[in-house]
Amino acid sequence: VQLQASGGGLVQAGESLKLSCAASKIGDSLGTMAWYRQAPGKQRELLANITAGGKTKYADSVKGRFTISRDNAKKTVYLEMNSLKPEDTAVYYCNADIWTFPRWYPYWGQGTQVTVSS
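Residues numbered from 1 in each chain as written. Predicted model: local features only at pLDDT ≥ 70, side-chain atom pairs only at ≥ 80, totals over all residues. Heavy atoms only, no water.

Undergrad: How would you sum up the overall build of the chain? Please name residues and give values.
TA: From N to C terminus, the chain includes zero helices and eleven strands. Taken from N to C terminus, the helices and strands of the chain fall in the order β-β-β-β-β-β-β-β-β-β-β. Taken against the 2.2 N^0.38 rule, which gives 13 Å for 118 residues, the C-alpha radius of gyration of the chain at 14 Å falls within 12% of a compact globule. Along the first, second and third principal axes, the C-alpha set of the chain runs to 45 × 25 × 20 Å. Looking at the 118 residues of the chain, the share that counts as buried comes to 39%. Across the chain, the fraction of contacts at a sequence separation of at least 24, relative to all contacts at a separation of at least 6, is 52%. Looking at the chain as shown, the accessible area adds up to about 6400 Å², and 50% of this sits on carbon and sulfur atoms. For the chain, the separation between the mean place of its 14 positive charges and that of its 9 negative charges on side chains is 5 Å. (Helix = DSSP H or I, 4+ residues; strand = E, 2+ residues; numbered from the N terminus. Rg over C-alpha atoms; globule rule 2.2 N^0.38 Å. Buried < 20%, exposed > 50% of the residue type's maximum accessible area, 1.4 Å probe, protein only. Contact = heavy atoms within 4.5 Å. Areas by Shrake-Rupley, 256 points an atom, 1.4 Å probe, with all protein chains shown as cover. Lys, Arg positive; Asp, Glu negative; His and termini not counted. Charge placed at Lys NZ, Arg CZ, Asp CG, Glu CD.)

Undergrad: Explain the environment of Leu 30 to me, using residue names and the numbers behind them.
TA: The residue Leu 30 is located in strand 4 (residues 30-38) in this model. Along the backbone, Leu 30 and Trp 99 are 69 residues apart, and their C-alpha atoms lie at a distance of 6.6 Å. In contact with Leu 30, other than residues within four places in its own chain, are Ala 23, Ala 52, Arg 70, Lys 75, Ala 96, Asp 97, Ile 98 and Trp 104.

Undergrad: Kindly report on the layout of surface pockets, identifying the contributing residues and their values.
TA: Of the voids in this model, the largest pocket is the one considered here, and its volume is about 150 Å³. Along the walls of the largest pocket sit Arg 37, Gln 38, Ala 39, Lys 42, Gln 43, Glu 45, Pro 86, Glu 87, Thr 89 and Ala 90, which together make up its complete lining. For the lining of the largest pocket, the class distribution of residues is three nonpolar, three polar and four charged. (1 Å grid on protein atoms, 1.4 Å probe; cavity = no way out; pocket = protein on both sides within 12 Å on 5 of 7 lines; lining within 4 Å. Points joined across faces, edges and corners; volume = space filled by probe spheres on them. Nonpolar A, V, L, I, M, F, W, Y, C, P; charged D, E, K, R; others polar.)

Undergrad: I'd love a proper account of the pairing of strand 3 (residues 17-24), names of residues and values included.
TA: Side chains Leu 17, Leu 19, Cys 21 and Ala 23 of strand 3 all project onto a buried face; the interleaved residues Lys 18, Ser 20, Ala 22 and Ser 24 project onto a face where none is buried. Looking at chain direction, strand 1 (residues 2-6) and strand 3 are connected through five bridges and run antiparallel. Each residue of the ladder has a partner; that of Gln 4, found in strand 3, is Ala 22. Pairing of strand 3 with strand 8 (residues 76-81) involves six bridges; the strand directions are antiparallel. For Cys 21, the partnering residue across the bridge sits in strand 8 and is Val 77. (Pairing = 2+ DSSP bridges.)

Undergrad: Let's hear about the packing of aromatic side chains: which residues, and what values?
TA: Tallied over the full model, the rule gives two aromatic pairs. Taking 5.5 Å as the distance between ring centres and 70° as the angle between the ring planes, the aromatic pair formed by Trp 99 and Trp 104 counts as edge-to-face. The residue whose ring lies beneath Lys 18 is Tyr 78, and the NZ or CZ to ring-centre distance is 4.8 Å. Here Arg 44 stacks its cationic end above the ring of Trp 108, 4.6 Å away from the centre of that ring. (Phe/Tyr/Trp six-rings, centres within 6.5 Å; stacked < 30°, edge-to-face > 60°. Lys NZ or Arg CZ within 6 Å of the ring centre and 35° of its normal.)

Undergrad: Explain the pairing of strand 5 (residues 45-50) to me, using residue names and the numbers behind them.
TA: Relative to strand 5, strand 4 runs antiparallel, the two sharing five bridges. Residue pairing for strand 5: Ala 34 is matched across the bridge by Asn 49. Bridge count between strand 5 and strand 6 (residues 56-58): three bridges; the pairing is antiparallel. The residue bridging Ala 48 from the neighbouring strand is Tyr 58, located in strand 6. Hairpin geometry of strand 5 and strand 6 is characterised by an intervening segment of five residues between the two adjacent antiparallel strands and by a positive phi of about 100° at Gly 54.

Structure (structure tokens):
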């Protein structure tokens, strides 16, 4: 199983970025996918998740600014981030539940850095 995240970078406050995370070597066993972030000195924070059927949930800190989506055919999850703020600066990680009999296992991508300058 591999999760490859991309799309991070350096932007100014108010700008947008779109992150992608593609899963590979998993067959047809992809479940809920999610995005987390971790800023220096802080705990990893769940930002949003999306079920295989497309149901979404968001943390209050990003609700209305970030949008999670997925393309099941491409086994890819996206995070569109608008109106970015300096406090959004962090390493962003994707996460996916993969079915391997007899249960779901969580897997993590390698992280992609997002830096928002003021």
